[in-house]
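A closer look at the structure
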Amino acid sequence: MTWSTYGSYLVLVVLVVLAPGPDTVVTLKNSFAGGVRGGLLATAGIAAGNVVQGTAVAFGLGTVIVGSQPVFHTLRWLGVVYLCYLGVQALRSARRGDYASLDHTGTQVMGFRRFREGFLSNVTNPKVLALYLSVLPQFIDPAHNSLTDTLLLAYTVAVLGAVWLLLLVGFVHSVRAWLGRRRVRRGLDVATGTTLIGFGAALAVDG
């Protein structure tokens, strides 16, 4: 692995990370509802999911999962169901609109839930595995392939993805006063809920 090759890889990863996807929406959803702490926990869960998927690819398990149709489609449909579940949750929150009581209940339980939402939304998305499997081989020389190089490339995605999500969390915090308005919060819940259901539908159709 040369610095030139790694630099080219970084450019590609940045473009991939900046593209809006389920990770972005899940982080925003939890930042809206749980503030900085909620956003950080969701980001930590997503980063953990990326590490799990990257490690699976580095050790060859990703190829097995993608190559096995029953396993791949089971994972895909779990992802579809979970994204739609998160979307419905957001829409229900918008319909209730009782944000004052919701924001002050079950802090520890909600904290675990926010981490879990980030982790499960990422780890049940087989498109992440497919991305690793399609991109990583372009930057690794088969004749000199090493587990260290593969893990470096895989974990780079997790790190840069987390940095981008942390910037989003910081942005949400900077406009927290505006987001605290009930009408704005409901509109954001409708938007995130609809988008998550849309991502779930796209995952179902693309499979």
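The model shown is predicted, which means the values in this text are computed figures rather than measured ones.

**Focus: the overall build of the chain**
Each helix and strand counted, the chain has 10 helices and zero strands in total. Here the C-alpha radius of gyration of the chain, 18 Å, is about what a compact globule of 207 residues would show, namely 17 Å. Seen along its three principal axes, the alpha-carbon backbone of the chain occupies a region of about 60 × 35 × 25 Å. Counting all 207 residues of the chain, 43% fall into the buried class.

**A few points about the environment of tyrosine 85**
Counting through the fold element by element, tyrosine 85 comes out in helix α4 (residues 69–96). As for tyrosine 85 and isoleucine 197, which are separated by 112 residues in sequence, their C-alpha atoms are 7.9 Å apart. One polar contact links tyrosine 85 to glutamine 89, side chain to side chain, over a distance of 2.9 Å.

**With respect to the packing of helix α2 (residues 22–58) against helix α10 (residues 182–206)**
Two elements in contact, α2 and α10, have axes whose closest approach is 10 Å; the angle formed by their N-to-C orientations is 155 degrees. The angle between α2 and α10 places the two elements in the roughly antiparallel class. The way α2 lies across α10 gives a crossing that is left-handed. On α10, the residues that touch Pro22, Val25, Val26, Lys29, Phe32 and Ala33 of α2 are Arg185, Leu188, Thr192, Thr195, Leu196 and Phe199. Class assignment of the residues belonging to the contact of α2 with α10 gives a composition of eight nonpolar, two polar and two charged.

**Focus: helix α1 (residues 3–18)**
Compared with an ideal rise of 1.5 Å per residue, which puts 16 residues at 22 Å, α1 spans 22 Å between its outermost C-alpha atoms and is within 8% of the ideal. Looking only at α1, the buried set comprises Tyr6, Tyr9, Val13 and Val17. Along the axis of α1, the buried residues cluster in a sector spanning 70 degrees; they form a single face. In α1, the exposed positions angled more than 90 degrees off the buried face are occupied by Ser4, Val11 and Leu15. Looking at the buried residues of α1, the elements they touch are α7 (126–135) and α8 (147–174).

**With respect to the packing of α2 against α4**
One can describe the packing of α2 onto α4 by two numbers: an axis separation of 12 Å at closest approach and a directional angle of 30 degrees. Between α2 and α4, the angle is such that the two are roughly parallel. Taken as a pair, α2 and α4 cross one another with a handedness that is left-handed. Contacts between α2 and α4 involve Pro22, Val26 and Lys29 on the former and, on the latter, Leu83, Leu86, Gln89 and Ala90.

**Brief notes about the packing of aromatic side chains**
Scanning all chains against the criterion turns up five aromatic pairs. Arranged with centres 6.4 Å apart and planes meeting at 75 degrees, the rings of tryptophan 3 and tyrosine 6 form a pair that is edge-to-face. Of this pair, tryptophan 3 and tyrosine 6 both sit in helix α1, separated by three residues, roughly a single helical turn. Take tryptophan 3: its relative accessible area is 76%, and that puts it in the exposed class. A residue is classified by how much of its surface remains accessible, and tyrosine 6, at 14% relative accessible area, is buried. Aromatic pair tyrosine 9 and phenylalanine 139: ring centres 5.2 Å apart, planes at 70 degrees, arrangement edge-to-face. Residue tyrosine 9 is located in helix α1, and its partner phenylalanine 139 is located in the loop between α7 and α8; the two are separated by 130 residues in the primary sequence. As far as the burial class goes, tyrosine 9 and phenylalanine 139 line up, both buried. Aromatic rings pair up to connect Trp3, Tyr6, Tyr9 and Phe139 into one cluster.

How each quantity is defined
- Residues numbered from 1 in each chain as written.
- Predicted model: local features only at pLDDT ≥ 70, side-chain atom pairs only at ≥ 80, totals over all residues.
- Heavy atoms only, no water.
- Helix = DSSP H or I, 4+ residues; strand = E, 2+ residues; numbered from the N terminus.
- Rg over C-alpha atoms; globule rule 2.2 N^0.38 Å.
- Buried < 20%, exposed > 50% of the residue type's maximum accessible area, 1.4 Å probe, protein only.
- Polar contact = N/O pair within 3.5 Å; in protein donor to acceptor, adjacent residues only side chain to side chain.
- Axes fitted to C-alpha atoms, helices over the stretch in contact; angles between N-to-C directions.
- Parallel < 35°, antiparallel > 145°, perpendicular 65-115°, else oblique.
- Left-handed = near helix turned anticlockwise from the far one by under 90°.
- Contact = heavy atoms within 4.5 Å.
- Nonpolar A, V, L, I, M, F, W, Y, C, P; charged D, E, K, R; others polar.
- Expected span 1.5 Å × (residues − 1).
- Arc of directions from axis to C-beta.
- Phe/Tyr/Trp six-rings, centres within 6.5 Å; stacked < 30°, edge-to-face > 60°.

By themselves, these are just geometric observations and shouldn't be taken as functional.
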